[in-house]
Amino acid sequence: MRTQLMLDQAVGMPWLEHDPADGGTPERTPLPSFPFTLGRCESADLTIDSGRVSREHARIVCEGGKYRVRDLGSTNGTFLNGRRIEEAPLEDGDLLVVADVEFSFFAGRPQAPESMATQVMQDRRSRSGKRLRGEEVIWAIRRLHESLAQRAIENLWTPIVALEDGAVFGYAAADAGGDEPGDRSKAERLLWGTDCRVVARLRHLRRLVAIEGAASFPQDTCVFLKLDPCEIGSAGLAESLRKLRGMLPHQRAMVVEVPDSVVSDTPYYRDFRGRLQDARIGIAHGDFSAGAAQLMQQEEIAPDYLKLARPMVRAIHRSRERQQQVESLVAAGREIGCEVIAVGLRTKDERDACRRLGCRLGQGELFGGWQPAAVQASAPRDPSPR
């Protein structure tokens, strides 16, 4: 589904926007009064010509200045941001699917520029610094909307193993921004690095799909979910993660990986960390490449796990300087109760070096690539180091 990109902030009455199948100009339907009914019958406020749509399919209401959408007992369902609903709040920018017909909902109120896709249009540069054409961004947004509407989310994981005996300690879910293999365009990767609404919804859906897939893992394994830097500071993040934790069995551990680049001793981060701990969610600082002194400075907000940046372990058996750095990090980690994980292990030499330096856990190609949860759970594991 294509989203119309507007240079001005949305104002005025709310509306629904639909992209015609022929790729023509998006059709905008104002919502002048409530309740507003969508269905196949002619008496509906918006008549939808589709055999899968019920005569009276769904209704949008406005209560106390807030919008909600209700399914009216339809046969083929009403979906909001990829999930079937009976009733749910309707927010600006939400993707509403009535059976098989897609709409974008716009509340008609001013919204923060950082939540708008126009922010990406104004700075069309990929992470490599190359300028992107406007149509590349438009098609990228359309692909992301389609992924959300169809729940086309890959559920890929990689194992985290004990370096001593090769036993699986846990599984790390693929990062939406680029861990897993795929054919994402430069524009899509640029969008994943922003906090526009469709990307925020996709991140949440990816974590939901990951938690659902984790049900196939053994009960004594730990699941790691990664956050994007631009998510830190967003409202509702801790509560969203708490709900996901509630979907896992009590005896299974869940760890949230926070990029070390955004870790700071601020009131927000302390509150965020405390709320995760109250929900029995562990914390890992990811992509760590500094020294032991910086880790000790984080003692008051110490993580449960510290995941080393990949360049730190690459050919570490040949670098005495990095060996000393990792060895001191492991010692500092033990002092503050933090387990160090060597990430990016590709060879036995790298694994053996990290194990000698005190790392007890490792992750990388040496132990298997990105695979769906069911495949990872059934994969035979050699308990002895390879």
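Here, the structure is the one placed above.
Draft legend 1. Expanded view of the side chain of Gln-363. Structurally, the position occupied by Gln-363 is in strand E19 (residues 361-363). Only 2.9 Å separates the side chain of Gln-363 from the side chain of Lys-307, close enough to count as a polar contact. The residues touching Gln-363, leaving out its near neighbours within four places in the chain, are Thr-158, Pro-159, Ile-160, Ala-172, Lys-307, Ala-342, Val-343, Gly-344 and Leu-345.

Draft legend 2. Structural view of the environment of Cys-338. Relative to the helices and strands, Cys-338 resides in the loop between helix H9 (320-335) and strand E18 (339-343). On the basis of relative accessibility, which here comes to 5%, the residue Cys-338 falls in the buried class. Sequence separation of Cys-338 and Pro-303 is 35 residues, and the distance between their C-alpha atoms is 6.1 Å. Those residues in contact with Cys-338 that lie beyond four places of it in its chain are Pro-303, Asp-304, Tyr-305, Leu-306 and Gly-333.

Draft legend 3. Region of the structure containing the state of the cysteines. Going through the model one piece at a time under the given rule, you end up with zero disulfides. Cys-354 forms no disulfide, and the closest cysteine sulfur to it belongs to Cys-359, at a distance of 4.9 Å. Cys-354 gets classed as buried once you look at its relative accessible area, which sits at 0%.

Draft legend 4. View of the sheet that holds strand E3 (residues 36-39). As summarised here, the arrangement of the five strands in space is E4-E3-E5-E6-E9, forming an open sheet in which the pairing is mixed. Whereas interior strands pair on both sides, the edge strands pair on one side only; in this sheet they are strand E4 (46-47) and strand E9 (87-90). Here E3 runs beside E4; their pairing, made up of two bridges, is parallel. Residue pairing in the sheet places Gly-39 in a bridge with Thr-47 of E4.

Draft legend 5. Here's a closer look at the packing of helix H5 (residues 237-246) against helix H6 (residues 267-278). Contact geometry of H5 with H6 gives a least axis separation of 10 Å together with a crossing angle of 15°. Of the possible angle classes, the one that applies to H5 and H6 is roughly parallel. Helix-helix and strand crossings are classified by hand; for H5 and H6 the assignment is right-handed. Side by side, H5 and H6 meet where Leu-237, Ala-238, Glu-239 and Leu-241 of the first sit next to Tyr-268, Phe-272, Arg-275 and Leu-276 of the second. Considering only residue class, the contact of H5 with H6 consists of six nonpolar, no polar and two charged.

Basis of the calculations
Residues numbered from 1 in each chain as written. Predicted model: local features only at pLDDT ≥ 70, side-chain atom pairs only at ≥ 80, totals over all residues. Heavy atoms only, no water. Helix = DSSP H or I, 4+ residues; strand = E, 2+ residues; numbered from the N terminus. Polar contact = N/O pair within 3.5 Å; in protein donor to acceptor, adjacent residues only side chain to side chain. Contact = heavy atoms within 4.5 Å. Buried < 20%, exposed > 50% of the residue type's maximum accessible area, 1.4 Å probe, protein only. Disulfide = S-S within 2.5 Å. Pairing = 2+ DSSP bridges. Axes fitted to C-alpha atoms, helices over the stretch in contact; angles between N-to-C directions. Parallel < 35°, antiparallel > 145°, perpendicular 65-115°, else oblique. Left-handed = near helix turned anticlockwise from the far one by under 90°. Nonpolar A, V, L, I, M, F, W, Y, C, P; charged D, E, K, R; others polar.

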